[in-house]
Amino acid sequence: MGGLAECHGHIFMNGQDYRTAAALHRNGPVESDVRAHLAACRDAGITYFRDGGDAWGVSLLAARLAGEYGIRYATPAFAIHRQGRYGSIVGHGYGDLKEYRALVAQARAAGADFIKLMFSGVLDCVRYGGVSCPPLPGAEIREIVHIAHQEGFPVMAHVNGPQAIRDALEAGTDSIEHGFYMAPDCAKALGSTIWVPTHAAIHAFLGRPGFSDQVVSQALAEQAERLRQAAASGGTIAAGSDSGAVGVPHGAGLLQERALLEEILGGTEVLAQGDRALMERFCPRR
């Protein structure tokens, strides 16, 4: 299939305000909103969309409708996070491994194509190197990835920070999302893991009141260097904009992501290879 791949998006979000988007769907997915976002993706030339999940079944509805827009759609149904840590905005939490296994089973029953896990918080765009909450312990990351793989699912993981990224790679995570503050040795040794850097989502913080342009610029510059190191070492990098996040509209967000990454990587070849690898690994099951 030709066209572009949006390798990380949230169809329930509106690119402007998370709370408004969540409130719209809280009592059930609003089909007209989903269709508008799918149309924006189609109009941008997107023919594959991998959703990062939501708590209200919006991505599951989108997966049923996407074929009408010429889009292959892969979804985890919802993301899974440890209770008390970051992740409730896109899914459900577990308190112990028994509850985690139950959520994996729930995702399967809902029609999930893969499992989305939350290993860390989000970037602190005021304090360089900061992440919003402590990461999961390495042993826990390894166990929950192992369980998902045992159940036959590839794993997409939200992760920032050097130790959490290292633990994600050592666990055999299929794709890491964001990946800010990655250590140089990890960038040079991604192995079979696909990196989806969502550069545009952090770029969108530049000039936004309440955040530090200096911190954001420094984080982006560091990630750009890690991306070049990863590409030079044969790592697999795919384009996903985190579309739906504030400042990252559906469709247009991916075009910006690709432009940013192509400038960093010096062309389109790395992304073309990465997008193909990701689409093969995260295939829709329907």
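Located above this text is the structure these notes cover.
Calculation notes
- Residues numbered from 1 in each chain as written.
- Predicted model: local features only at pLDDT ≥ 70, side-chain atom pairs only at ≥ 80, totals over all residues.
- Heavy atoms only, no water.
- Helix = DSSP H or I, 4+ residues; strand = E, 2+ residues; numbered from the N terminus.
- Rg over C-alpha atoms; globule rule 2.2 N^0.38 Å.
- Buried < 20%, exposed > 50% of the residue type's maximum accessible area, 1.4 Å probe, protein only.
- Contact = heavy atoms within 4.5 Å.
- Areas by Shrake-Rupley, 256 points an atom, 1.4 Å probe, with all protein chains shown as cover.
- Lys, Arg positive; Asp, Glu negative; His and termini not counted.
- Charge placed at Lys NZ, Arg CZ, Asp CG, Glu CD.
- Salt bridge = Lys/Arg side-chain N within 4 Å of Asp/Glu carboxyl O.
- Pairing = 2+ DSSP bridges.
- Axes fitted to C-alpha atoms, helices over the stretch in contact; angles between N-to-C directions.
- Phe/Tyr/Trp six-rings, centres within 6.5 Å; stacked < 30°, edge-to-face > 60°.
- Lys NZ or Arg CZ within 6 Å of the ring centre and 35° of its normal.
- Disulfide = S-S within 2.5 Å.

Participant: Tell me about the overall build of the chain, and please be specific about residues and values.
Facilitator: Summing up its helical and strand segments, the chain has 11 helices and 10 strands in all. Here the C-alpha atoms of the chain give a radius of gyration of 17 Å, agreeing with the 19 Å that 2.2 N^0.38 yields for 286 residues. Referenced to the eigenvectors of the C-alpha coordinate spread, the extents of the chain come out at roughly 45 × 40 × 40 Å. Split into buried and exposed, the 286 residues of the chain put 56% on the buried side. Across the chain, every contact between residues at least 6 apart in sequence was considered, and the portion connecting residues at least 24 apart equals 70%. When the accessible area of the chain is evaluated, it comes to approximately 11,000 Å², of which 51% is carbon and sulfur surface. Each charge class in the chain was averaged separately, 25 positive and 30 negative side chains, and the resulting centres sit 3 Å apart.

Participant: Please give an account of helix α3 (residues 58–65) that cites residues and values.
Facilitator: Burial of α3 is extensive: seven of the eight residues sit out of reach of the surface. Within the sequence span of α3, burial applies to Val58, Ser59, Leu60, Leu61, Ala62, Ala63 and Leu65.

Participant: I'd like a rundown of the pattern of salt bridges, residues and numbers included.
Facilitator: When their charged atoms lie close together, side chains carrying opposite charge are able to pair. For the coordinates displayed, the defined rule picks out 12 salt bridges. Linking aspartate 124 and arginine 127 is a salt bridge whose minimum nitrogen-to-oxygen distance equals 3.5 Å. Judged by its relative accessible area of 48%, arginine 127 is partly exposed. Each member of the salt-bridge network shares a partner with another, and the members are Glu31, Arg35 and Glu68.

Participant: If you had to explain the sheet that holds strand β2 (residues 46–51) to someone new, which residues and values would you point to?
Facilitator: Strand order in the open sheet made by the three strands is β1-β2-β3, with parallel pairing throughout. The outermost strands of the open sheet, each flanked by one partner alone, are β1 (4–9) and β3 (72–74). Strand-to-strand twist across the sheet, computed as the mean angle between neighbouring axes with direction ignored, equals 15 degrees. With three bridges joining them, β2 and β3 adopt parallel strand pairing. Considered in β3, the bridge of phenylalanine 49 is made with tyrosine 73. Along the sheet, helix α10 (residues 252–265) makes contact with β1 and β2, crossing β1 at roughly 100 degrees. Contacts between helix α11 (residues 269–281) and the sheet are confined to β1, β2 and β3, with β1 contributing the most and set at about 65 degrees to the helix.

Participant: So, the packing of aromatic side chains: which residues are in play, and what are the values?
Facilitator: Taken as a whole and judged by the stated rule, the model has seven aromatic pairs. Seen in terms of ring centroids, phenylalanine 114 and phenylalanine 282 are 5.1 Å apart; in terms of plane orientation they differ by 85 degrees. Their pairing is edge-to-face. Here phenylalanine 282 lies in the segment after α11 and phenylalanine 114 lies in the loop between α4 (97–110) and β6 (115–118), a separation of 168 residues in the sequence. Taking the relative accessible area as the measure of exposure, phenylalanine 282 reaches 0% and is therefore buried. An aromatic cluster of at least three residues, connected via ring pairs, comprises Phe12, Tyr18 and Trp56. Above the plane of the ring of phenylalanine 282 lies arginine 50, whose end atom (NZ or CZ) is 4.5 Å from the centre.

Participant: Just give me the short version of the state of the cysteines, but keep the residues and values in it.
Facilitator: Tallied over the entire structure, the rule returns zero disulfides. For cysteine 7, which is in no disulfide, the shortest distance to another cysteine sulfur is to cysteine 283 and amounts to 12 Å. Here cysteine 7 falls in the buried class, since its relative accessible area comes to 0%.

Participant: Can you lay out the sheet that holds strand β9 (residues 194–196) for me, pointing to particular residues and giving the numbers?
Facilitator: Judged by pairing direction, the sheet is parallel, and its seven strands sit side by side in the order β5-β4-β6-β7-β8-β9-β10 without closing on themselves. Looking at the sheet topology across the chains shown, the edges are occupied by β5 (91–94) and β10 (236–237). As paired elements, strand β8 (residues 175–178) and β9 share three bridges and run parallel to each other. Directly across from isoleucine 176, in β9, lies its bridge partner tryptophan 195. Against the sheet, α4 makes contact with β4 (79–82), β5 and β6, and its axis sits at roughly 150 degrees relative to β5, the strand it touches most.

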